[in-house]
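Breakdown of the fold
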Amino acid sequence: MLSATLVALTLTAGIASAQTKPAAKPAAAKPAAAASAAQALPAVDKTHASYAFGWSLGTDLISSGEPVDIAAAVRGVQDAFAKKQPAYSEEQLGQAYSGFQAHVQQKREAAFRQALTDNQTQSPDFVTKFKAQQGVITLPSGIMYRVAKPGTGAKVTPNSEVQIALRSFLAAVGVPLSGVDTPPPFKVADAPIPALKETLVLMQQGAVWEVIVPPGKGVGQQNPQLAQQAIAIQVELGAVK
């Protein structure tokens, strides 16, 4: 499951290029008409765009898991777009909206707590099975990694300053802990996640690795609950200085 997710995930867009390119020669000036045409944006189909907004709203509403009156939602959009007075008072709207958000948040928190429980229970079995998979390397600390894409650029040392993009999951159940994160450049010896201190020094610029941190190994003690979990980290190494 993690490998499939890694293939689908494109981290490269989140990383700045580490190679310094020679300054380009200034392009020859273009006629004003040609420059204007080059900058013109393509026309947007109003019907398609409008439907896209509605589709996005509908997707958000269904993912909330809360009951919704679609006809009332459409009427609210129509009234707001027509700059009409709302059908309900500001206080009623505020209470309803905040109540809706509170219900959604409560469900999400409950689902995440259950994911933590399930992941902690399944972590030992997951670690054992992952360790036996082809291409997996286990470091002396117990941290494991698999190369999804080899790097071809600069090698890393503990004193290197690096730029990375990463995404983390509860490894056994596949629940994301974060989206694609691109922290500011940092010195490897000061890596924000202890497990990265061990793995980054083995990587080359451009590499993409799947790192598995067994319970109690290398995620730090800032969150004791996560320290008891098997965590998967997908990391791409960008700039190396």
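The following paragraphs examine the structure supplied in this document.

On to helix 4 (residues 70–81). For helix 4, which comprises 12 residues, the first-to-last C-alpha distance of 16 Å matches the rise-based estimate of 16 Å (1.5 Å per residue) to within 8%. Where helix 4 starts, the residue carrying a side-chain oxygen 3.1 Å from the main-chain nitrogen of Ala71 turns out to be Asp69. Positive backbone phi, at 60°, marks Lys83, one or two positions downstream of helix 4.

If you look at the biggest cluster of nonpolar residues, it comprises 27 residues, and the most contacted ones within it are Val162, Ile164, Leu200, Val211, Ile233, Val235 and Leu237. If you list the elements that add at least two residues to this core, you get helix 5 (90–131), strand 3 (161–170), helix 6 (194–200), strand 6 (208–213) and strand 7 (231–240). Of the residues forming this core, the biggest block, 5 residues, is contributed by strand 7. Other than its neighbours up to four places away in sequence, Leu200 contacts Val156, Val162, Ile164, Phe186, Val188 and Leu237. Residues Val136, Met144, Phe169 and Ile212 belong to the second largest nonpolar core, which totals 11 residues.

Okay, the packing of aromatic side chains next. In total, this model carries 3 aromatic pairs according to the counting rule given. Aromatic side chains Phe126 and Phe130 sit 5.8 Å apart centroid to centroid with 20° between the ring planes, which places their arrangement in the stacked category. Residue Phe126 and its partner Phe130 are both found in helix 5; the two are separated by 4 residues, about one turn of the helix. A relative accessible area of 17% means that Phe126 is categorised as buried. Between Tyr145 and Trp209, the ring centres sit 4.0 Å apart and the planes meet at 5°, which makes this aromatic pair stacked. Note that Tyr145 is positioned in strand 2 (residues 144–149) and Trp209 in strand 6, a separation of 64 residues in sequence. For Tyr145, a relative accessible area of 11% corresponds to the buried category. Taking relative accessible area as the criterion, Trp209 reaches 5% and is therefore assigned buried.

What counts and how
- Residues numbered from 1 in each chain as written.
- Predicted model: local features only at pLDDT ≥ 70, side-chain atom pairs only at ≥ 80, totals over all residues.
- Heavy atoms only, no water.
- Helix = DSSP H or I, 4+ residues; strand = E, 2+ residues; numbered from the N terminus.
- Expected span 1.5 Å × (residues − 1).
- Polar contact = N/O pair within 3.5 Å; in protein donor to acceptor, adjacent residues only side chain to side chain.
- Core = buried A, V, L, I, M, F, W, Y, C linked by side-chain atoms within 4.5 Å.
- Buried < 20%, exposed > 50% of the residue type's maximum accessible area, 1.4 Å probe, protein only.
- Contact = heavy atoms within 4.5 Å.
- Phe/Tyr/Trp six-rings, centres within 6.5 Å; stacked < 30°, edge-to-face > 60°.

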